[in-house]
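Structure at a glance
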Amino acid sequence: MAFPLTRMRRLRRTPALRELVRETRLDAGDLVLPIFVEATLNAPEPIDSMPGISRQPISGALSEAAECLALGIPAMLFFGIPSEKDAEGSGAWDPDGGVQQAIGAIKAAHPDLVLIADCCLCEYTDHGHCGPLDGSREVDNDAALELLARTAVSQAAAGADVIAPSDMMDGRVGFIRRALDEAGYEAVAILAYSAKFASAFYGPFREAADGTPAFGDRLGYQIDPANLREAVREAQLDLDEGADALMVKPALPYLDVIRRIADQTGAPVAAYNVSGEYAMVKAAAAVGALDEQATVFELLTSIRRAGADFVITYHAKDAARWLQKR
Ligand code: PBG
């Protein structure tokens, strides 16, 4: 039944025909906006490497939340920049920390928005690693668990709907789940950064959140970009420990990982279209090499096609605005 009986172009002929046979849809409801909160700021402070994105004071976080709601974006992911850092990262579980304050204020003003708290210590430690260090300057896995659990409980107490641990310590999901349950937060969900790769694409984020390791790198705890089976095992372990949803990060270089984890686990899957992926598009668009809107639609659709149920992306507000006009 090949050509000339079969002509694939028949169903590509008009916009309406293409609409009918479109397999993957992109909707503002599938997007999550990440936000950097710095409570001591008086006004938003632009991040040079991420045009269009700023560090936000609490008031700015509140306006971002209102904008998300108006645009149909159902969720935000919170990162904090503390005024002081220490060896343990104690700012992470400060009840008056920027993330806790922003979450509290937004929950009160906009109870329908889903508030996701990134749970990690690297923005809060003076050495920039994702947990406290042991005698040989390695991240002490089991000591980190206690501090991460404290952080998660403080975020839940502030009003977070979802805790998203991004530290990549072994056993953190189960540890955080038990701590949340013991504190009475059994309804708070866990979105595990299960397949978090040791990626070069986090560069702009580390500038934005001031979380570059002071020495060494994260290769000892994040996944080797070469490893697919290991990523699937991490995802399965996180589910076994009580994760409600899984995340793959970054997104674009790891579409095969998204597909495999979605198929193999059946769990809800998020993909994080990270800072470096965003910066590349913005830089190329700024010199006229790419059409920004078409590029963003194509890449977000591709991440969804690969199997992501929702996408965390710095393009969220722009994409939602463009979708409203389409
Ligand atoms: C913290 C964390 C990082 C990102 C999210 N959470 C940085 C890192 O692991 O170095 C990166 C997000 C982005 O690049 O947009 N552990």
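Residues numbered from 1 in each chain as written. Predicted model: local features only at pLDDT ≥ 70, side-chain atom pairs only at ≥ 80, totals over all residues. Heavy atoms only, no water.

**Some details on the nonpolar core**
Selection criterion: Residue types Ala, Val, Leu, Ile, Met, Phe, Trp, Tyr and Cys, when buried and joined through side-chain atoms within 4.5 Å, form a set referred to as a nonpolar core. Three labels apply to residues, based on accessible area from a 1.4 Å probe with only protein chains included: buried if under 20% of the type maximum, exposed if over 50%, partly exposed otherwise in between. A helix here means a DSSP run of H or I that spans at least four residues, while a strand means a run of E at least two residues long, and both kinds are numbered starting from the N terminus. Any two residues whose heavy atoms approach within 4.5 Å at even a single point are treated as in contact.
Formed by 80 residues in total, the largest nonpolar core has its most connected members in F78, I163, I261, L300 and I303. A per-element tally of this core places helix α4 (residues 141-158) first, with seven residues. When residues no more than four places from it in sequence are discounted, the contact partners of L300 are L26, L31, N273, V311, T313 and A319. In this structure, L77, I116, Y193 and A270 belong to the second largest nonpolar core, which totals 26 residues.

**Considerations on the packing of helix α8 (residues 255-265) against helix α10 (residues 292-305)**
The line we're drawing: To obtain an axis, a line is fitted to C-alpha atoms, over the contacting stretch when the element is a helix, and the angle between two such axes runs from 0 to 180 degrees between their N-to-C directions. Gly falls in the polar group here, along with every residue not listed as nonpolar (Ala, Val, Leu, Ile, Met, Phe, Trp, Tyr, Cys, Pro) or charged (Asp, Glu, Lys, Arg).
Orientation of α8 relative to α10, taken along the N-to-C sense of each, is 35 degrees, at an axis distance of 9 Å. Of the residues in α10, those in contact with L255, I258 and R259 of α8 are S302, I303 and R305. Looking at the contact of α8 with α10 residue by residue, the class counts come to three nonpolar, one polar and two charged.

**Description of the packing of aromatic side chains**
To keep it simple, the criterion reads: A pair of aromatic rings is counted whenever rings of Phe, Tyr or Trp (Trp by its six-membered ring) have centres within 6.5 Å, and the orientation is called stacked for planes under 30 degrees apart, edge-to-face for over 60 and tilted otherwise. Two thresholds decide whether a charge sits over a ring: the Lys NZ or Arg CZ must be within 6 Å of the ring centre and within 35 degrees of the ring normal.
Inspection of the entire model under this criterion finds nine aromatic pairs. Centre to centre, the rings of F79 and F205 are 4.8 Å apart; their planes meet at 75 degrees, and the pair counts as edge-to-face. Here F79 is found in strand β4 (residues 75-80), whereas its partner F205 is found in helix α6 (residues 203-209), with 126 residues between them in sequence. F205 carries the same exposure label as F79, and that label is buried. Taking the centre distance of 6.3 Å and the plane angle of 45 degrees together, the rings of Y193 and Y272 count as tilted. Note that Y193 is positioned in strand β7 (residues 189-196) and Y272 in strand β9 (residues 269-273), a separation of 79 residues in sequence. Of the two residues, Y193 and Y272, both sit in the buried class. Over the aromatic face of F215 sits the side chain of R137, whose NZ or CZ is 3.9 Å from the ring centroid.

**As for the environment of V296**
Note on placement: V296 falls in helix α10. Along the backbone, V296 and A316 are 20 residues apart, and their C-alpha atoms lie at a distance of 9.6 Å. Setting aside its immediate chain neighbours within four residues, V296 contacts V281, H315, A319 and W322.

**Points about the side chain of D30**
Rules: In the analysis that follows, any N or O atom pair within 3.5 Å is treated as a polar contact, provided that within protein one partner can donate a hydrogen and the other can accept it, and provided that, for residues neighboring in sequence, both atoms belong to side chains.
In this fold, D30 is placed in the loop between α1 (15-20) and β1 (31-37). The class of D30 is buried, set by a relative accessible area of 14%. There is a polar contact of 3.3 Å between the side chain of D30 and the side chain of R304. What D30 contacts, discounting residues up to four positions off in sequence, is R25, R304, D309, F310 and V311.

**What about the environment of R259?**
Within the element layout of this structure, R259 appears in helix α8. Sequence spacing of R259 and L26 is 233 residues, and the spatial spacing of their C-alpha atoms is 17 Å. Discounting residues that sit within four places of it in the chain, R259 has contacts with R305, A306 and G307. Side-chain polar atoms of R259 contact the backbone oxygen of A306, separated by 3.2 Å.

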